[in-house]
Amino acid sequence: MYYENVELSSPQDIVNGFSKHFRQSLSVKSSQSNSFEFILDNINTFDIKQITESEVYNALRQLKPTVTAGPDAVPSFLVKDCAAILTKPLSGSVLGPLFFNIYVNDIVKQVNIECLLYADDLKIFLEIKSPDDCHVLQRNLDLINEWSITNQMPLSKDKCCVKTYSRKLSLISFNYSLQGVDLKRPEFIRDLGVTFDSKLSFVEHIRIIEDSANKCLGFVIRNTKEFQEVHIVKLLYFAYVRSRLEYCSVVWSPIYQAHISTLERIQRRALKYMLYKIDGLYPLRGVPNQTLYERLNVKSLLSRRSNAYIIMLHNIISYTIKCEDLIAMIGLRTPTMNVRNYFLFEQKFPRSNVMKASPFYQMLESYKKSQCNIDIFNCKLRELKTEIKK
C-alpha cells in the first residue's frame with residue numbers, strides 16, 4: 001500500500017496514513033470549494049499495488065466468525081460467506097448493478113415532476129395543459145443535465161426523445177432540448193421490449209411480434225424435421241415462439257377480433273405441424289381451433305392472456321407488486337340484498353374502447369369471467385394458477 005508515493009508496510013504506518021488522509025479530507029474549508037473536483041485534486045489518495053483477487057479472497061476467508069461487527073453492522077461471518085462475491089471486480093459482477101443503483105438513485109430528487117427510474121433508464125412525464133407546463137418540463141430536463149455533469153455521468157442524447165400520448169387532434173407544440181440539442185419525436189418508441197404509439201393502440205407492436213414469431217416458428221419447423229418426439233417440438237415452440245407472443249401482454253393485449261385472430265393463427269400453424277408429426281399428415285383445412293387445443297393439451301393465447309391479467313391482479317392485491325397508485329384504483333363493493341351482481345370489485349362501465357382496452361379494466365373483467373372458486377385475497381399464487389388452469 002502506498003500513500004504520498006511512500007510504501008506503508010507496517011500496521012502502524014497504515015493507520016497513520018489513514019489518519020492523515022481523513023484529517024485532510026475533513027479540513028477542506030467551504031470558502032475554497034466544496035466541489036468533487038477540488039477534493040480529488042487537493043487530497044492524496046491511497047494507491048494499492050500488486051494485490052490479487054486470491055489475496056483478498058484468502059483474507060476474507062480468514063476472518064473469525066466470532067469477531068464483533070464494526071460500525072457498518074455487518075457481521076464477519078456474513079462477509080466470510082460472501083467472500084467469493086465481494087472479491088469479484090465490480091464490472092459484470094453481482095454487486096455492480098447494486099452499486100450503480102445506489103449511485104444514480106438520487107437523480108429522482110433533482111426533478112420536481114413525476115418520474116420513473118429503471119436501472120439507467122429514466123422517464124419524466126407531465127400532463128401538458130398550457131405552454132407553462134412545457135417550460136416546467138424543460139426546466140426539469142435542465143436539472144437532469146446539471147446532475148449528469150456534476151456526477152460525471154454523461155447522458156446519451158441519441159437515445160433521448162420526446163413522446164406525446166394523446167387522442168386530441170390539436171396539440172401544444174414545444175421543442176424540448178437537452179444540452180442545446182432539440183430532442184427527436186419518433187412516431188413509435190420501444191420501451192423495455194414494447195412498442196408504443198401516440199394513441200396507445202399497440203397496432204405496431206402486434207405487427208412486430210407477429211413478424212418475429214412467424215420467423216421463429218419457421219426456424220423451429222426447419223430445424224425439427226427429423227425430430228420424432230413431439231413434446232420436444234412443443235417445448236421449442238413455447239420457448240421461442242409463444243414467449244414472444246405473450247411478453248408483457250398485460251400492457252398491450254388486443255381487444256379487436258382482427259388482432260386476436262392474427263396471433264391465434266400463428267399458434268394454429270404450430271399446432272397443425274405438431275399433429276403432422278403425430279399422425280403423419282396435416283389436419284383437414286378448417287379444423288376448429290378447439291380440436292387442436294384438446295389434442296395437444298394447449299390453451300388458446302386469448303385464454304392465457306386472461307389468466308395473466310388475473311395473476312397481475314393477485315400480485316397487486318398481495319403487494320407482490322408494490323404500487324400504491326394501482327392499489328388505490330381497486331374499489332370494493334358491498335352487495336345489498338336482492339341484487340343479482342355479486343362481483344367483489346367495483347367496476348365502471350367502459351364508455352370507450354380505450355377504457356375497455358385498459359389493463360386495469362381487463363384485470364377486473366378477466367377475474368369476473370373466470371368465476372374462480374378461490375379467495376384472491378388469501379390464496380397463494382400457486383393455488384391461484386392451479387385454479388384458473390381448470
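Conventions used here
- Residues numbered from 1 in each chain as written.
- Predicted model: local features only at pLDDT ≥ 70, side-chain atom pairs only at ≥ 80, totals over all residues.
- Heavy atoms only, no water.
- Helix = DSSP H or I, 4+ residues; strand = E, 2+ residues; numbered from the N terminus.
- Buried < 20%, exposed > 50% of the residue type's maximum accessible area, 1.4 Å probe, protein only.
- Contact = heavy atoms within 4.5 Å.
- Polar contact = N/O pair within 3.5 Å; in protein donor to acceptor, adjacent residues only side chain to side chain.
- Phe/Tyr/Trp six-rings, centres within 6.5 Å; stacked < 30°, edge-to-face > 60°.
- Lys NZ or Arg CZ within 6 Å of the ring centre and 35° of its normal.
- Axes fitted to C-alpha atoms, helices over the stretch in contact; angles between N-to-C directions.
- Parallel < 35°, antiparallel > 145°, perpendicular 65-115°, else oblique.
- Left-handed = near helix turned anticlockwise from the far one by under 90°.
- Nonpolar A, V, L, I, M, F, W, Y, C, P; charged D, E, K, R; others polar.
- pLDDT = per-residue confidence, 0-100.
- Core = buried A, V, L, I, M, F, W, Y, C linked by side-chain atoms within 4.5 Å.

> Explain the environment of Lys 299 to me, and be specific about the residues and the numbers.
Within the secondary structure layout, Lys 299 lies in the loop between α12 (289–296) and α13 (301–317). In this structure Lys 299 comes out as partly exposed when scored by relative accessible area, which is 29%. Between the C-alpha atom of Lys 299 and that of Lys 389, which follows or precedes it by 90 residues, the distance is 9.0 Å. Every residue in contact with Lys 299, bar those within four places of it in the chain, is listed here: Gln 267, Arg 304, Asn 307, Ile 388, Lys 389 and Lys 390. In this structure the side chain of Lys 299 is engaged in a polar contact, spanning 3.1 Å, whose partner is the backbone oxygen of Ile 388.

> Lay out the environment of Thr 334 in plain terms, naming residues and giving numbers.
Within the element layout of this structure, Thr 334 appears in the loop between β10 (331–332) and β11 (345–346). Accessibility expressed as a relative area gives 71% for Thr 334, which makes it exposed. In the structure, Thr 334 is positioned 11 residues away from Phe 345 in sequence and 8.8 Å away in space, judged by C-alpha atoms.

> Residues and numbers for the packing of aromatic side chains, please.
This structure, assessed with the given rule, holds seven aromatic pairs. Seen in terms of ring centroids, Phe 196 and Phe 202 are 5.4 Å apart; in terms of plane orientation they differ by 65 degrees. Their pairing is edge-to-face. Phe 202 matches Phe 196 in its accessibility class, with the two residues each being buried. Above the ring of Phe 238, the side-chain terminus of Arg 242 is found at 3.8 Å from the ring centroid.

> Go over the packing of helix α11 (residues 257–279) against α12, please, and point to the residues and values.
Packing of α11 against α12 leaves a shortest axis separation of 10 Å and a crossing angle of 55 degrees. With respect to each other, α11 and α12 are oriented oblique. Here the hand of the crossing between α11 and α12 comes out left-handed. When α11 is examined against α12, the residues Glu 264, Gln 267, Arg 268, Leu 271, Lys 272, Met 274, Leu 275, Ile 278 and Asp 279 are found in contact with a partner set consisting of Asn 289, Leu 292, Tyr 293, Arg 295 and Leu 296. The residue inventory of the contact of α11 with α12, partitioned by class, reads seven nonpolar, two polar and five charged.

> Give me the lowdown on the packing of helix α9 (residues 230–246) against α11, citing residues and values where you can.
Running from N to C, α9 and α11 point in directions that differ by 170 degrees, and their axes come no closer than 11 Å. One element, α9, and the other, α11, form an angle in the roughly antiparallel class. Between α9, through Val 230, Val 233, Lys 234, Tyr 237, Val 241, Arg 242 and Leu 245, and α11, the contact on the second element is made entirely by Leu 263, Ile 266, Gln 267, Ala 270, Tyr 273, Met 274, Lys 277 and Ile 278. Among the residues making up the contact of α9 with α11, the classes are represented as 11 nonpolar, one polar and three charged.

> Could you give me a rundown of the confidence of the model for the protein, with the residues and numbers involved?
Per-residue pLDDT for the protein has a mean of 82; in total, 86% of the residues score no lower than 70. When pLDDT is averaged over each helix and strand of the protein, the minimum, 44, is found for helix α2 (residues 36–42) and the maximum, 94, for helix α8 (residues 203–223). Predicted confidence for residues 28–43 stays below pLDDT 50, and this span has 11 contacts to residues more than four positions away or in other chains.

> Which residues make up the nonpolar core, and what values do they have?
Judged by nonpolar contacts, the single largest core of 29 residues is most densely connected at Leu 217, Val 241, Leu 245, Trp 252, Leu 263, Leu 271 and Met 274. Among the elements of the structure, β9 (194–196), α8, α9, α11 and α12 are those that each provide at least two residues to this core. With 19 residues, the next largest nonpolar core counts Phe 345, Phe 360, Met 363 and Ile 376 among its residues.

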